[in-house]
Structures are given as C-alpha cells and as structure tokens.
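What follows is the residue order along each chain.
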Amino acid sequence: MLFPSIFARLEENRWNLGTDIRWQDFDSSRLTERQLHGIKMNAILEWSAMPTAEMFLRDNSQDADFSAFISIWFFEEQKHSLALLEYLRRFAPDFCPTEAELSAVRFSFDSAPALESLALHFCGEVRLNQWYRCACAYHTEPVIRQIYSILAKDEARHARAYLDYMRKALKADGTSASLAFAKIGVLMTNARLNKAMHPTNLHVNKALYPNDTVNGRLPDPEWLQRWLNDEIHFDGSWEKKVEQGILSNLSGLLGSDFSDAHALRTFHKNIARTAVTA
Amino acid sequence: MYCLCSDESHDDIMMKQRLEPLPFDLMISTYTACRNGCGSCIDELREKFESEFSTNDFTTNAEAK
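Residues numbered from 1 in each chain as written. Chains lettered and ligands numbered in written order. Predicted model: local features only at pLDDT ≥ 70, side-chain atom pairs only at ≥ 80, totals over all residues.

Peer 1: I'm lost on the overall build of chain A in this one. Help?
Peer 2: Of the regular secondary structure elements, chain A holds eleven helices and zero strands. For chain A, the α and β elements follow one another from N to C terminus as α-α-α-α-α-α-α-α-α-α-α. Expressed as lengths along the three principal axes of its C-alpha atoms, the size of chain A is roughly 65 × 40 × 35 Å. Evaluated residue by residue, chain A yields a buried proportion of 42% over its 278 residues. Here the analysis covers contacts within chain A between residues at least 6 apart in sequence; of these, 78% occur between residues at least 24 apart. (Helix = DSSP H or I, 4+ residues; strand = E, 2+ residues; numbered from the N terminus. Buried ≥ 20, exposed ≤ 12 C-beta atoms within 10 Å, placed from the backbone. Contact = placed C-beta atoms within 7 Å.)

Peer 1: What's the story with the overall build of chain B in this structure? I'm lost.
Peer 2: The number of helices and strands found in chain B is four helices and two strands. When the helices and strands of chain B are placed in sequence order, the string is β-β-α-α-α-α. Looking at the 65 residues of chain B, the share that counts as buried comes to 26%. By sequence separation, contacts in chain B at least 24 residues apart represent 57% of the contacts at least 6 residues apart.

Peer 1: How should the interface of chain B and chain A be read in this particular structure?
Peer 2: Accessible area lost during the coming together of the parts is what is often quoted as the interface size. The interface of chain B with chain A comprises ten residues on the first partner and 15 residues on the second. Across the side of chain B that touches chain A, the residue classes break down as five nonpolar, four polar and one charged. (Nonpolar A, V, L, I, M, F, W, Y, C, P; charged D, E, K, R; others polar.)

Peer 1: Is there a simple way to explain the nonpolar core in this structure?
Peer 2: As a rule of thumb, nonpolar side chains are buried together in soluble globular proteins. All names here are of chain A. Formed by 86 residues in total, the largest nonpolar core has its most connected members in Leu 118, Ala 119, Phe 122, Ile 147, Met 166 and Phe 181. Examining the composition of this core, we find that 15 residues originate from one element, helix H7 (residues 142-173), more than from any other. The contacts of Phe 181, once residues within four sequence positions are left out, are Ala 119, Met 166, Leu 250, Leu 253 and Leu 254. (Core = buried A, V, L, I, M, F, W, Y, C linked by C-beta atoms within 7 Å.)

Peer 1: Help me understand unusual backbone geometry in this model?
Peer 2: Residues apart from glycine generally show negative phi values, whereas peptide bonds are mostly found in trans. Residue and element names in this part refer to chain A. The step from Tyr 209 to Pro 210 runs through a cis peptide bond, and the omega angle for that step is 5 degrees. Take Pro 210: it is sitting in the loop between helix H8 (175-188) and helix H9 (223-231). Residues other than glycine seldom take positive phi values, yet His 233 does so here, at roughly 55 degrees. Judged by the 13 C-beta atoms lying within 10 Å of it, His 233 falls in the partly exposed class.

Peer 1: When you look at the environment of Pro 4 of chain A in this model, what are you seeing that I'm missing?
Peer 2: Mapped onto the fold, Pro 4 of chain A is located in helix H1 (residues 3-12). Taking the C-alpha atoms as reference, Pro 4 of chain A lies 8.8 Å from Phe 69 of chain A; in sequence the two are 65 residues apart.

Peer 1: Where do I start with the environment of Leu 264 of chain A in this structure?
Peer 2: All names here are of chain A. On the secondary structure map, Leu 264 appears in helix H11 (residues 261-277). Its 26 C-beta neighbours within 10 Å are what place Leu 264 among the buried residues. Along the chain, Leu 264 and Trp 223 lie 41 residues apart, while their C-alpha atoms are 31 Å from each other. The residues contacting Leu 264, other than those within four sequence positions of it, are Ala 182, Gly 185, Val 186, Thr 189, Leu 247, Leu 250 and Phe 258.

Here it is in structure tokens:
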C-alpha cells in the first residue's frame, strides 16, 4: 500500500494558507486587470478537481489504496482554488468568481479506463507544474508569485504520487498498464494538437457534448489559450520541459528510452501489435 | 527517474556527482533544485548516493576544494 508513505511525504511539505503566504507583501502597483482575470480563471480550473475526484472514486472503487490518496489530492487541489480565491477576496473582490461559476465546472464525467485516467492525470500534473512555474516567472506581484510557486511544487508532488501508482499498476497489470500509459503519453506529447494538452481540454461526457470540457465551461472559454500564448508566454522551451518530464519518467517506468515523442509512438505501436497477436 | 523541479534525470544528476563528488546535502543543493522544489526526489537520490558513495569517496574531494 502506497498511501501511508505518500501521505507522509505530502504532510511533511504541507503549507498553511493563513501563515505561509506572505499576504502583507502585496503590491497593487504590480498587477493588471488582465492578470486578475487569469487568477480568477485558474481558481475556477482548480475547482474542477471536484468532478475529477468524484470520477476517480467511482472508477477505482476496487482500489482502496488509490482512493485514499485521492482524498488528499482532492483536499490539496481545493486548497489551491481557495488560495487563489482568498487572493482575489483580499485584493480584488470584483474578480471573485460566483458560486454559480464554480459550480459550472462540476459536472459528471463518463466512466473512463482507470489506468488511462491515472496516466492522464500524471501528464496533467507535469504540465500544470510547468504552467505555474511559467506564471510565477511572468507575474511581478510578490504574493501571487509566491502562490504560483507553492502550487507548482504541490503539482510536482502530485505527479510523483501518480507515477508511484503507475509503477504499482505495472507490477499488477503488466502489458495492459504499459499499453494504457504509452497511449496516454503519446496523446499528451502530441505537438500537432492545437489545444493545450491537459485533461481540462478533453471531452468527458458524451451526453453534454460539445459542452463537456472543463475549459469550455469557464466564464471565458477562450481564456486558457490566450493566457498561455499571449500572457505568460508558455512557448516551445516550456513545452519542451513538459515533454521531457513526461517522456523521461515514462522511459524509467516502461524500461525503454524515449528520447522524443516519436520513440514513444513507436513503442506504443509495437506493444499494441504484440498485445493483439498474443 | 526524472526530477521535474530540476528539469533533469536522476542519472544526469548522479553523473554530475560522479564527476565532482560532494557530501549529500551539498550534492542536493548544488546539482538539483530539490531544496526549492517539491522535494519528492530527495529520498530516491539519497538511496542512489548511499549505494554509490562511501564517506571517503567525497570528503576527500570536497575537502581538497
């Protein structure tokens, strides 16, 4: 069981919303309305951990270990949202999302293969870690810089926890886990996709299509792409870091050297072919 | 394994350590971003360090600096 050690690791690094954020350092001269809008959107995006946690608990009802971890993951993601909401409440209350705006990103996700969801969220955390590091570099207001820096570290810890569960799944499920992880790795490192490769951009409920992505249910559905391209400038060098984080960790996990996304695609094709003929 | 905070693989971090051996704490602060990062890799790097470096391996070089 991984939960006790992961719990200890996360507990050891836990930060306090009231005392660890240097709220007193706030400098209103270093903030624009555009940036506040971005903070609002990120607060809502973090809130979407709620339906994700509901999906994980439903689709992993047989896995008590992983479900226990999700309780901590959910707590920390909601805390991320709360930190951003608290920032807005203190310094820009006009930008606070309404309860209806928060509730809009809570909707039912269709059932999904558990191993694919696991890998998807590992990749999502790797990406989110880099988005927040990039946002930290972009902002000059000290309090929001500190918040994004803290959130980035939490997301990196979450990525590591998901990776630990992927390693455990590989021992139990072998080929099917390899297939699922490689498939999602290929999807999440596919530079030809136009949209940012993150779970919040995926369609997750056929009955609600096309209104079934988390990003599509934000008050400003076009915001994320604009934020990445025109505001924080999440360019090729950042994208490379995401790809490197995913491919290198999958290399270690799957025991093959994925020097680029093409190598992972080839690996996936080969094991898919082997699985069909077996 | 790959350290997200350092943007570097554990193998590359250990390679730096082999080229310029340092005591563990100094290795972490010099060759990684773990101290200012999420800290998830520290235990695994400690295991690698302990399996590869005896006390004498690095103190001699570090003291010589």
